[in-house]
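# Results of the structural survey
Each chain, written out:
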Amino acid sequence: MNFAKSLMLGGAALLVATAGAQAADLPLKAKAVEYVKVCSLYGAGFYYIPGTDTCIKLGGYIRAEYAFNAGGMTETPSWNGNAGQGNRLSNNTIYRSRADVNIDTRTATEYGVVRTYFDSVFTWTTGSDTTANGSLGVFFAFVQFAGFTFGKAVSAFSTPWHGGPGNITSNLLGGDDTSTGINQVSYTAEFGNGVSASISLEDQSSYRTASGVSNVVNTTGGAASAWLQGTGNGTNYTAGTNVPDIVGKIRVDQAWGLFQVSAAAHQIRASYYTPALETSGHPSDKWGFAVLAALSLKNLPTGAGDSINLDATYADGATRYVIGGTSPNAFAMYSDSSAGVYQSVGFGSAPDGVFGGTNNLNGTGISTVKAWGIRGAFNHNWNKNWATSLFGAYSSVDFGGTGGALYNAGLAAAVPGFGTTYTGNPNFNIAQIGTRTSWTPVKNLTFSGEVMWMRLDQNYSGVTAANVQPTGTKPSARYEFKDQDTVVGAIRVQRTF
C-alpha cells in the first residue's frame, strides 16, 4: 500500500513538473501593435489608413487677417454698400480668423487611382459673423476616378492661380476665379509631355448666374435708389438653371511654365417680363460664351523661383467669367463734388444681358453684355525668406448700342435730366494695381502685407436735374456723375500644415 501510494505521488509530481516545463516553453500573448505606415506612392505626407490599402493625407492652415479702408474680406475695395457710400455704418477695419482642414485619400485599383478630396473652412469675420459660432464653408468635395471628377472642384475654365496671380486679395477682377470650387462633372485626358485636355459640365449657380439678366425698362422697382447703386431696375429677372455651362480646356505644363486656352458656353435665361406673373411671357433664351488664354513663365533670369502669371478673358453674355469669383457685379461709389451739388457718384453693373417690356406684346429680346479683362503679376524672390509681387488688372464692360439704349431709357425714367443735364452710357471700366510683400521666417509660416488701388471709370457726366434719393444713408439731393477711386490694404499671418 505504501509503495502504491508513493508511486502515485511520484507520478503526479512528474506530471506537474513536465507541464510546468512545457508551459514555460510557450510564447506569451503579444500586445496588439498599432502604427501608421508611410505611403510613398503619392508624395510626401501620405500614410496608409491602418488595416486598409488606402493612403490619406491631412493638411490645412490657420490664418489671421486684417483689412484697412475695406468694404469686406478678403481685401474687398470700398466699391459698393455702406463702404462705397463712405458712411459711418461701414466697418472700414475688418478682422478675419480662419481655420482650413483638408483630407486627401487615394487608393490604387485595377482601373487606376481612386481619389477623394475634401476642404472645409471655419471662419469668423467682422460684420459677417456676430456670434462665437462663426461660419462654415465647404470649398471642395469631389471624387476622381479614371480621369473623371464628380463634385465641387475648381472649374476647368480657371487657371491654377485663379484670381491671385501674385496677390492675396480675392477681388482682383479681369478673369475667372473659382478658387472655392464649383459643382461639376468633368473629364481630363493626359496626353503626355505635360499636355492635357478637359471637358466639363458645370453648375451655373453662385459663380455663373450672380450677374443675372436685367429688365431695364419695366419700371417695377426701378427707383433712383436702385439705379444709383448699380443694380438698375432692382428686381431679379434671372430664371432658374436649365443647361449647365459647357466648358473645355487645353493646357501645356512644362519646366518653363504653363500655357492654357479655355472656352465656355453659357445659357442666358430670363424669368418673366413682369415678375411673378407667368402670363406676361418672357424673352427667348440665348447663349453666351467666354474664352481665356493664360501664360505662366517660371524661373526667370531675375531670380530663382521668380514668375510671371498672365491671363486674358473675353465674354459675350457671360460676364461672370470676367467680373467673377467672390466679387460683386454691381458697383456704386460716392465722394465729394466740385459741381455745386451734394456729392458725386459713380456706378456700374455687369449683367449677362438686358431686355425691356412688361409683356409679350411690348417686350424685347435679350441684348447680351460684353466684357473683357486682363490681369497678371510679376513675383520676385529676394531670398528664401522675402518675396514681393507687383500685380494689376483691367476690366471693361460694354452694353452695346441696343443694350445701352435700353439701359438709358430705364435710367432716364428713374433719374431725371438724362440728355439735358447729364449724358453718357452704362459702359464702365475698372483698373486695379497693387503690391504684396511677404516674409517667411520659418517654413510654412508667412507674414504678408498688401496694398491695392482701384478706379471705377464710368461713362456718365453732368448732374441730375432734380433731387434724387439714393439707397442707404444718402439724402435726397442732386448728384454729379464722376469717376471714383479708392485704396485698400491688408495684413495676413498664415501657418500652413
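Residues numbered from 1 in each chain as written. Predicted model: local features only at pLDDT ≥ 70, side-chain atom pairs only at ≥ 80, totals over all residues. Heavy atoms only, no water.

One side chain can pair with another of opposite charge once the charged atoms of both are near each other. In the structure shown here, the tally under the stated rule is 12 salt bridges. The salt bridge involving Arg208 is made with Glu202; its shortest N-O contact spans 3.6 Å. Residue Lys370 is joined to Asp316 by a salt bridge in which the shortest nitrogen-to-oxygen separation is 3.9 Å. Placement of the pair is Lys370 in strand 18 (residues 370–381) and Asp316 in strand 13 (residues 307–316), with a sequence separation of 54 residues. (Salt bridge = Lys/Arg side-chain N within 4 Å of Asp/Glu carboxyl O. Helix = DSSP H or I, 4+ residues; strand = E, 2+ residues; numbered from the N terminus.)

An order of 9-16-17 is seen for the three strands of this open sheet, with the pairing classed as mixed. Of all the strands in the sheet, just strand 9 (213–215) and strand 17 (367–368) have a single pairing partner and so form its edges. (Pairing = 2+ DSSP bridges.)

Moving on: the environment of Thr149. Turning to its location among the elements, Thr149 is positioned in strand 6 (residues 148–153). Residue class for Thr149 comes out buried when judged on its relative accessible area of 7%. Each C-alpha atom, one on Thr149 and one on Arg115, is 9.3 Å from the other, the two residues being 34 residues apart in sequence. Within polar-contact distance, the side chain of Thr149 engages the side chain of Gln144 at 3.1 Å. (Buried < 20%, exposed > 50% of the residue type's maximum accessible area, 1.4 Å probe, protein only. Polar contact = N/O pair within 3.5 Å; in protein donor to acceptor, adjacent residues only side chain to side chain.)

This brings us to unusual backbone geometry. A positive phi angle, close to 50°, is found at Asn69, a residue other than glycine. Mapping Asn69 onto the fold places it in the loop between strand 2 (54–68) and helix 2 (81–85). For Ala276, which is not a glycine, the phi torsion comes out positive at approximately 65°. Relative to the helices and strands, Ala276 resides in the loop between strand 11 (257–268) and strand 12 (286–298).

Okay, the state of the cysteines next. Inspection of the entire model under this criterion finds one disulfide. Disulfide pairing places Cys39 opposite Cys55 at an S-S distance of 2.1 Å. Its torsion about the S-S bond being 80°, the disulfide of Cys39 and Cys55 is classed as right-handed. Of this pair, Cys39 sits in the loop between helix 1 (2–25) and strand 1 (47–48) while Cys55 is found in strand 2, placing the two residues 16 residues apart along the sequence. In this structure, Cys39 and Cys55 share a single accessibility class: buried. (Disulfide = S-S within 2.5 Å.)

What follows deals with the packing of aromatic side chains. For the structure on display, the rule yields 26 aromatic pairs. With centroids separated by 5.8 Å and ring planes inclined at 15°, the aromatic side chains of Phe148 and Phe150 adopt a geometry described as stacked. Overall, the relative accessible area of 36% leaves Phe148 in the partly exposed class. (Phe/Tyr/Trp six-rings, centres within 6.5 Å; stacked < 30°, edge-to-face > 60°.)

It is worth spelling out the nonpolar core at this point. Counting residues in each nonpolar core, the largest one holds 47 residues, and the members touching the most others are Phe331, Phe347, Val397, Val415 and Phe481. Beyond its immediate sequence surroundings of up to four residues, Val415 is in contact with Ala224, Trp227, Leu228, Tyr422, Thr464, Val468 and Phe481. Core analysis: the next-biggest nonpolar cluster, separate from the first, contains 10 residues, Ala67, Ile94, Ala393 and Met452 among them. (Core = buried A, V, L, I, M, F, W, Y, C linked by side-chain atoms within 4.5 Å. Contact = heavy atoms within 4.5 Å.)

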